[in-house]
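The residues making up each chain are set out below.
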Amino acid sequence: VSIILLPIITRLYSPEEFGEFNVVISIVSVFSVFVTFGFDQALIIPREISESKKLLKISIFSVFIVTIISIPLIYIYYLIGDINIDFVTLFFIPFLILFHGLYVSFLAFNIKKSAFSKIAFARVLSTISNKISTILYAIIFSGTKIGLLVGTLFASIFSSFVLFSNNIFLDNKNKWSEFILLIK
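What counts as what
Residues numbered from 1 in each chain as written. Predicted model: local features only at pLDDT ≥ 70, side-chain atom pairs only at ≥ 80, totals over all residues. Heavy atoms only, no water. 1 Å grid on protein atoms, 1.4 Å probe; cavity = no way out; pocket = protein on both sides within 12 Å on 5 of 7 lines; lining within 4 Å. Points joined across faces, edges and corners; volume = space filled by probe spheres on them. Helix = DSSP H or I, 4+ residues; strand = E, 2+ residues; numbered from the N terminus. Nonpolar A, V, L, I, M, F, W, Y, C, P; charged D, E, K, R; others polar. Expected span 1.5 Å × (residues − 1). Buried < 20%, exposed > 50% of the residue type's maximum accessible area, 1.4 Å probe, protein only. Arc of directions from axis to C-beta. Contact = heavy atoms within 4.5 Å. Bend = angle between axes of the 7 residues up to and from the residue. Salt bridge = Lys/Arg side-chain N within 4 Å of Asp/Glu carboxyl O. pLDDT = per-residue confidence, 0-100. Axes fitted to C-alpha atoms, helices over the stretch in contact; angles between N-to-C directions. Parallel < 35°, antiparallel > 145°, perpendicular 65-115°, else oblique. Left-handed = near helix turned anticlockwise from the far one by under 90°. Patch = residues over 30% accessible without salt bridge, like charges linked within 9 Å, V, L, I, M, F, W, Y side chains within 5 Å. Areas by Shrake-Rupley, 256 points an atom, 1.4 Å probe, with all protein chains shown as cover.

(A) Representation of the layout of surface pockets in the model. Taken as a whole, the largest pocket spans an internal volume of roughly 260 Å³. As for the largest pocket, its lining consists of 13 residues, of which Ile-25, Val-28, His-100, Thr-152 and Ser-156 are closest to the centre. Counting residues per element, the ones that place at least two in the lining of the largest pocket are α2 (15–34), α6 (92–112) and α8 (145–164). Ranked by residues supplied to the lining of the largest pocket, first place goes to α2 with five residues. Grouping the amino acids of the lining of the largest pocket by side-chain chemistry returns six nonpolar, seven polar and no charged.

(B) Layout of α2. Over its 20 residues, α2 runs 30 Å from end to end, which matches the ideal 28 Å to within 8%, given 1.5 Å per residue. When α2 is considered as a whole, its buried residues turn out to be Glu-17, Phe-21, Val-24, Ile-27, Val-28 and Phe-31. For α2, the arc enclosing every buried residue in end-on projection is 120°, short of the 170-degree limit, so these residues lie on one face. Set apart from the buried face of α2 by more than 90 degrees, the exposed residues are Pro-15, Glu-16, Val-30 and Val-33. As for α2, its buried residues are in contact with α1 (2–12), α4 (49–80), α5 (87–90), α6 and α8.

(C) Highlighting α4. Helix length check: α4, at 32 residues, gives a terminal C-alpha distance of 46 Å against a target of 46 Å (1.5 Å per residue), a fit within 8%. Along its length, α4 reaches its greatest deviation from straightness, about 25°, at Ser-70, and the proline Pro-72 lies no more than four positions downstream.

(D) Region of interest: the pattern of salt bridges. Per the counting criterion, the structure on display carries one salt bridge. Here Glu-51 and Lys-54 are joined by a salt bridge, their closest N and O atoms 3.6 Å apart. Of this pair, Glu-51 and Lys-54 are both found in helix α4, three residues apart, which corresponds to roughly one turn of the helix.

(E) View of the confidence of the model for the protein chain. Residue-level pLDDT values for the protein chain average 85, and 89% of them are 70 or greater. Ranking the helices and strands of the protein chain by mean pLDDT puts α6 first, with 93, and helix α9 (residues 175–183) last, with 57. Within the model, pLDDT remains below 50 along residues 167–171, and this stretch shows 20 contacts once partners closer than five positions in the same chain are excluded.

(F) Summary view of the packing of α6 against helix α7 (residues 116–141). For the pair α6 and α7, interaxial distance at closest approach is 8 Å and the crossing angle is 150°. One finds that α6 runs roughly antiparallel with respect to α7. α7 is crossed by α6, and the crossing has left-handed handedness. Residues Tyr-103, Leu-107, Asn-110 and Ile-111 of α6 lie in contact with α7, whose contacting residues are Phe-116, Lys-118, Ile-119 and Arg-123. In terms of residue class, the contact of α6 with α7 is made up of five nonpolar, one polar and two charged.

(G) Representation of a nonpolar patch on the surface. Where nonpolar side chains cluster on the molecular surface, the patch consists of Val-1, Val-124, Ile-128, Ile-132, Leu-136, Ile-139, Ile-140 and Phe-141 and spans about 750 Å² of accessible area. Here Val-1 is to be found in the segment before α1. Classification of Val-1 as exposed rests on a relative accessible area of 52%.

(H) Geometry of the environment of Tyr-137. Position of Tyr-137 among the secondary structure elements: in helix α7. Look at Tyr-137 and you get buried, because its relative accessible area is 19%. Each C-alpha atom, one on Tyr-137 and one on Leu-148, is 8.3 Å from the other, the two residues being eleven residues apart in sequence.

Shown next, in the form of structure tokens:
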């Protein structure tokens, strides 16, 4: 899908817009290294699923902490740094960090549960939602760099939701209350 739609996307966005998009993604990548504090990798190790659930809780908590810490750091960097990106574009960075961290945490938990078909579906949905939203944004709003960020953000949101949903925490009917209990 990506290979088929890439020529269309490269016609809708300029090289400068791709350059600014890649700068934003590189900033997100720096935070992505620390976003879960490595707890996503530890999710797979325990034998008991209950232990993995505890690690998932810690991983999600660390995602929120790193996202909150990133906001003032990005703002300070914007004020004193030598970066040629507007503030609206930088506004996307905390959201990209948040949903990437949630995606990585839920991905590891699904690997622990051997839900490989769900992982494959999430990746396909991520690619399709990214490319379609990027193209639609360019058509509707005449192709600004924000469209590339919107596509990436939608892909992260949709794939995180797919990995989160559908019996991820319990196999009973009360999944949302179990999620609330997990967060507490």
